[in-house]
Amino acid sequence: VQLQAFGGGLVQAGGSLRLSCTGFGGTSSFSSYAVAWFRAAPGKEREFVAALSYDEWTTWYAGSVEGRFTISRDNAKNTAYLQMDNLNPADTAVYFCGADRSHVDVRVSGRVGFWGQGTLVTVSS
């Protein structure tokens, strides 16, 4: 599956953004993949942010975003979302979406099967 992420931009601290990740192509339906979001802040390694099982029943969040970010998906649109609220400058990063048939591997940066391109989120103070 190929993934395309978009929705990044510049926002003030306390503001909100919604990122989208659309899947297309491949031999399996987008709905059969677990999806995840990762981010890479300047000078730092890519880190896990959130993940959602293929059936939408289970979510996982990094402690730093829990309660502020919400991952969701609309399989009819082959799209996953990351709603980011109450943003702060520490959330500034390039955000990447990923997909994998395994809900375990999708949460590990080195084991994600498919990646989208990054989208930059900048939070000003």
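As the structure is a computational prediction, the values presented were derived from the model and not from experiment.

Rules used throughout
- Residues numbered from 1 in each chain as written.
- Predicted model: local features only at pLDDT ≥ 70, side-chain atom pairs only at ≥ 80, totals over all residues.
- Heavy atoms only, no water.
- Pairing = 2+ DSSP bridges.
- Helix = DSSP H or I, 4+ residues; strand = E, 2+ residues; numbered from the N terminus.
- Axes fitted to C-alpha atoms, helices over the stretch in contact; angles between N-to-C directions.
- Salt bridge = Lys/Arg side-chain N within 4 Å of Asp/Glu carboxyl O.
- Buried < 20%, exposed > 50% of the residue type's maximum accessible area, 1.4 Å probe, protein only.
- Disulfide = S-S within 2.5 Å.
- Contact = heavy atoms within 4.5 Å.
- Phe/Tyr/Trp six-rings, centres within 6.5 Å; stacked < 30°, edge-to-face > 60°.
- Lys NZ or Arg CZ within 6 Å of the ring centre and 35° of its normal.

Section: the sheet that holds strand E8 (residues 79–84)
If you trace the four strands from one edge of the open sheet to the other, you get E1-E3-E8-E7, paired in antiparallel fashion. Across the chains shown, the open sheet's two edge strands, defined by having one partner strand only, are strand E1 (2–6) and strand E7 (69–74). Between one strand axis and the next, the sheet turns by 15 degrees as a mean value, whatever way the strands run. The pairing of E1 with strand E3 (residues 17–24) spans five bridges and is antiparallel. Its bridge partner lying in E3, Leu3 is registered against Gly23.

Points about the pattern of salt bridges
Summed over all chains, the structure comprises four salt bridges. For the salt bridge of Asp91 with Arg39, the shortest nitrogen-to-oxygen distance reads 2.9 Å. Of this pair, Asp91 sits in the loop between E8 and strand E9 (93–100) while Arg39 sits in strand E4 (residues 34–40), and the two are 52 residues apart along the sequence. A single burial state applies to Asp91 and to Arg39, both of which are buried. Linking Asp91 and Arg68 is a salt bridge whose minimum nitrogen-to-oxygen distance equals 2.8 Å. Of this pair, Asp91 sits in the loop between E8 and E9 while Arg68 is found in the loop between strand E6 (59–61) and E7, placing the two residues 23 residues apart along the sequence. Residue Asp91 shares its accessibility class with Arg68, and that shared class is buried. Salt bridges sharing partners connect three or more residues here, namely Arg39, Glu47, Arg68 and Asp91.

Describing the state of the cysteines
On inspection of all chains with the given rule, the structure shows one disulfide. One disulfide bridge connects Cys21 with Cys97, the sulfur atoms lying 2.2 Å from each other. Residues Cys21 and Cys97 are joined by a disulfide whose S-S torsion is about 65 degrees; by sign, that bridge is right-handed. Residue Cys21 is found in strand E3, and its partner Cys97 is found in strand E9; the two are separated by 76 residues along the sequence. Comparing Cys21 with Cys97, the two get one shared label, buried.

Some words on the environment of Ala13
With respect to the helices, strands and loops of the structure, Ala13 is situated in the loop between strand E2 (9–12) and E3. With 75 residues separating them along the chain, Ala13 and Asn88 place their C-alpha atoms 4.7 Å apart. Excluding its chain neighbours within four sequence positions, the residues that come into contact with Ala13 are Leu87, Pro89, Val123, Ser124 and Ser125.

Some words on the packing of aromatic side chains
Using the criterion set out here, one finds four aromatic pairs in the structure. When the centroid spacing of 5.7 Å and the interplanar angle of 85 degrees are considered together, the rings of Tyr33 and Phe114 count as edge-to-face. With a gap of 81 residues between them, Tyr33 in the loop between E3 and E4 and Phe114 in strand E10 (residues 114–115) connect regions that are remote in the sequence. Look at Tyr33 and you get buried, because its relative accessible area is 4%. Ring plane angle 80 degrees and centroid distance 6.4 Å describe the contact between Phe96 and Trp115, whose orientation is recorded as edge-to-face. With Phe96 in strand E9 and Trp115 in strand E10, this pair connects stretches of sequence that are 19 residues apart. On the basis of relative accessible area, Trp115 is assigned to the partly exposed category, the value being 29%. Taken together, the ring pairs connect Phe38, Phe48, Phe96 and Trp115 into an aromatic cluster. Geometry around Trp60 places Arg107 over its ring, the cationic atom sitting 4.0 Å from the centre.

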